[in-house]
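An overview of the molecular structure
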Amino acid sequence: MAKILIIDDEPSIRSTLAGILEDEGHRTVVCESGEEALAQFARDEFDLALLDLWLPGIDGLSVLERIRGAAAPPVIVISGHGNIDTAVRATRLGAYDFLEKPLSLERVLLTVNHAISDRRLREQVRDLRRQISLEELLIGDSDPMRRLDQQIRSAAPSNSRVLITGENGSGKEIVARTLHRLSTRAEAPFIDVNCAAIPEELIESELFGHRKGAFTGAIDDRKGKFELADGGTLFLDEIGDMSLKTQAKVLRVLQEQTFQRVGGQQTIKVDVRVLAATNKDLEQEIAAGSFRSDLYYRLNVIPIEVPPLRTHASDIAQLAEHFLRRFAAETGAPRKKLSAGAIAKLKGYGWPGNVRELRNVIERLAILLPGDTIEPDDIQLGARADVATSIPHNLTLREARDEFEKRYILSRLKELAGNVSRTAEVLGVERSNLYRKLHAYGIRVERN
Ligand SMILES: Nc1ncnc2c1ncn2[C@@H]1O[C@H](COP(=O)(O)OP(=O)(O)OP(=O)(O)O)[C@@H](O)[C@H]1O
Ligand SMILES: [Mg+2]
């Protein structure tokens, strides 16, 4: 049942329309002028309006113009016979559809039903969007992605800690968010901490909070991420980059579920589910002495490994479509298509930066390409040949790889005028990660 406003100056049309719509189970309100209609719109909410364009006083087009906006119901305009021009103008002003006089009652009902179900769909879409933004949808129905989906579904409700591993850009963060969304804690906060991005001297305060005056700059009491996540989920991202000192503190919280703020005496108890992620091989880090094995075992109750994109290349077309749809929705621009050749080219590439790299490639094409179909030649993938040539031949694989990485980063950085954030985007790595590499390779950044 819908609530419909009927605006027409002819009494016979008002009563006929009201009659057939009420027979269909709808509720109707009638008015005979634009002025009256505007007053009704201001007073009440309607699911739909039928609006005659020819009205004495404020005419239909002006009514349409004034009620335009997100909250307005769909409006079906009624135009006099042979007045198609006005009807077209009305659709430009946002009218849902138009009906021509003399009215065919069958067409009235059909159009009304369409408009109503359209509006319902829109509302449903909006509600769904609210529940999961497209940003958080895990795309892919290849075997590896199905397995991942199953692992997520069985781990999510369990409250156990999960250690998510996988290469850069493979989707670890999305997996963490999905675990939270499908858990019993979904209504409580999801708090993430990027352990690599926070300077060592601040990480404790970031995690545990601090008391006013605990250190220079602590001008107020502050809650840490553990407290903010109380009742919900705390996502420790890039856990492999956490210092041994912080690891010891985190271990203690996991053992005792209690902690103190920096500079505080009071013991704080929280109920937090911890998810962690890393692209490092933690067993190797343990062997190298840079990760605590006791923390590793505490975090790694349920291991989930996110597959690199090259192992589920059959999802590439679907992922690319998903990103095209997303960017079109975000920018309001028409959605571009990929030609068969373009899809083949995307599938043939190795994607060292995984889904993030794919997303970046698609985003660039969506924004920069003028046409509406993406052809193979529009797509530029991966390393430029010139970077790889001239690497000396007396290096170990590791040295050669580092040398290549260094040169490649340098060349992209140069292309992007020394902009580290953009370079990180394009390379599909976290900014903090890129900074570490720049530091390791002794690359000094000069912005042009
Ligand atoms: N299966 C997927 N479906 C849809 N989008 C995905 C999928 N996997 C990854 N993405 C998208 O790719 C990008 C990178 O994913 P995410 O940030 O989760 O990767 P990550 O493994 O945490 O990377 P890093 O190691 O660099 O932190 C994000 O924009 C994410 O939305
Ligand atoms: Mg991540």
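First things first, this report covers the structure right here in the doc. None of these values were measured; they are calculated from a predicted model.

Let us now look at the nonpolar core. In this structure, Leu-207, Phe-226, Leu-234, Leu-236, Ile-239, Val-250 and Leu-299 are the most contacted members of the largest nonpolar core, which totals 29 residues. Those residues in contact with Leu-299, other than ones at most four positions away along the chain, are Arg-161, Val-162, Leu-163, Ile-239, Leu-254, Val-274, Ala-276 and Phe-291. In this structure, Ala-317, Trp-351, Val-355 and Ile-379 belong to the second largest nonpolar core, which totals 23 residues.

Here we come to the site of ligand 1. Of all residues adjacent to ligand 1, which total 21 residues, the nearest are Ile-139, Gly-169, Lys-172, Arg-356 and Arg-359. In the model, an oxygen atom of ligand 1 is placed 2.8 Å from a nitrogen or oxygen of the Gly-169 main chain. One of the side-chain N or O atoms of Lys-172 is found 2.6 Å from an oxygen atom in ligand 1. Of all the secondary structure elements, the ones that give two or more residues to the shell around ligand 1 are α7 (172-181), α13 (316-331) and α15 (354-368). For the shell around ligand 1, the per-class residue count stands at eight nonpolar, five polar and eight charged.

Taken in spatial order, the five strands line up as β7-β10-β13-β6-β14 in an open sheet, and their pairing is parallel. If you trace the sheet from one side to the other, it starts and ends with β7 (190-194) and β14 (302-305), each paired once. Averaged over all adjacent pairs, the angle separating strand axes in this sheet is 20 degrees, with direction ignored. Taken together, the four bridges between strand β6 (residues 162-165) and strand β13 (residues 273-278) define a ladder with parallel strand orientation. The residue of β13 that forms the bridge with Thr-165 is Thr-278.

Bringing the side chain of Asn-354 into the picture now. Assignment of secondary structure puts Asn-354 in helix α15. Every residue in contact with Asn-354, bar those within four places of it in the chain, is listed here: Glu-167, Asn-168, Gly-169, Ser-170, Pro-308, Leu-309 and Arg-310.

Attention shifts here to the environment of Ala-188. Mapping Ala-188 onto the fold places it in the loop between α7 and β7. For the pair Ala-188 and Asn-419, spaced 231 residues apart in the sequence, the C-alpha separation amounts to 37 Å. When neighbours within four sequence positions are excluded, Ala-188 is seen to be in contact with His-180, Gly-231 and Gly-232.

This brings us to unusual backbone geometry. Between Lys-101 and Pro-102 the backbone carries a cis peptide bond, its omega angle lying at 0 degrees. By the element assignment, Pro-102 lies in the loop between β5 (97-100) and α5 (105-131). Here the phi dihedral of Gln-257 falls at roughly 60 degrees; this positive angle occurs in a residue that is not glycine. Along the chain, Gln-257 falls in the loop between α10 (244-256) and β11 (258-260). With phi around 50 degrees, Trp-351 is a residue other than glycine that occupies positive phi space. Along the chain, the position of Trp-351 falls in the loop between α14 (340-347) and α15. According to the relative accessible area criterion, Trp-351 is buried, its value standing at 0%.

Conventions and cut-offs
- Numbers given for residues are sequential positions, taken from 1 along each chain in its written order.
- Chains carry letters and ligands carry numbers; both start at the beginning, A for chains and 1 for ligands, and go up in the order they are written.
- Given that the model is predicted, a residue must reach a pLDDT of at least 70 before its local features are reported, and side-chain atom pairs must reach 80 or more before they are shown or counted; all residues, however, enter totals for whole chains, interfaces and linings.
- Hydrogens and water are ignored here; the side-chain numbers use all heavy atoms of the structure.
- Only buried residues count toward a nonpolar core. Its members are Ala, Val, Leu, Ile, Met, Phe, Trp, Tyr and Cys residues joined through side-chain atoms within 4.5 Å.
- We call a residue buried when its accessible area falls under 20% of the maximum for its residue type, exposed when it is over 50%, and partly exposed in between, using a 1.4 Å probe and counting protein chains only.
- Working rule for contacts: check all heavy atoms of both residues, and any pair within 4.5 Å makes them a contact.
- Any residue with a non-hydrogen atom lying within 4 Å of a molecule or strand is treated as near it.
- Any pair of nitrogen or oxygen atoms within 3.5 Å is treated as a polar contact; in protein, a donor-acceptor pairing is required on top of that, and neighbouring residues in sequence qualify only through side-chain atoms on both sides.
- In this text, helices come from DSSP runs of H or I with a minimum length of four residues, and strands from runs of E with a minimum of two, each type numbered from the N-terminal end.
- Here the nonpolar group is Ala, Val, Leu, Ile, Met, Phe, Trp, Tyr, Cys and Pro; Asp, Glu, Lys and Arg are the charged ones; every other residue, Gly included, is treated as polar.
- Whether two strands pair depends on DSSP finding at least two bridges between them.
- Axes here refer to lines fitted to C-alpha atoms; in helices the fit is confined to the stretch in contact. Angles between the N-to-C directions go from 0 to 180 degrees.

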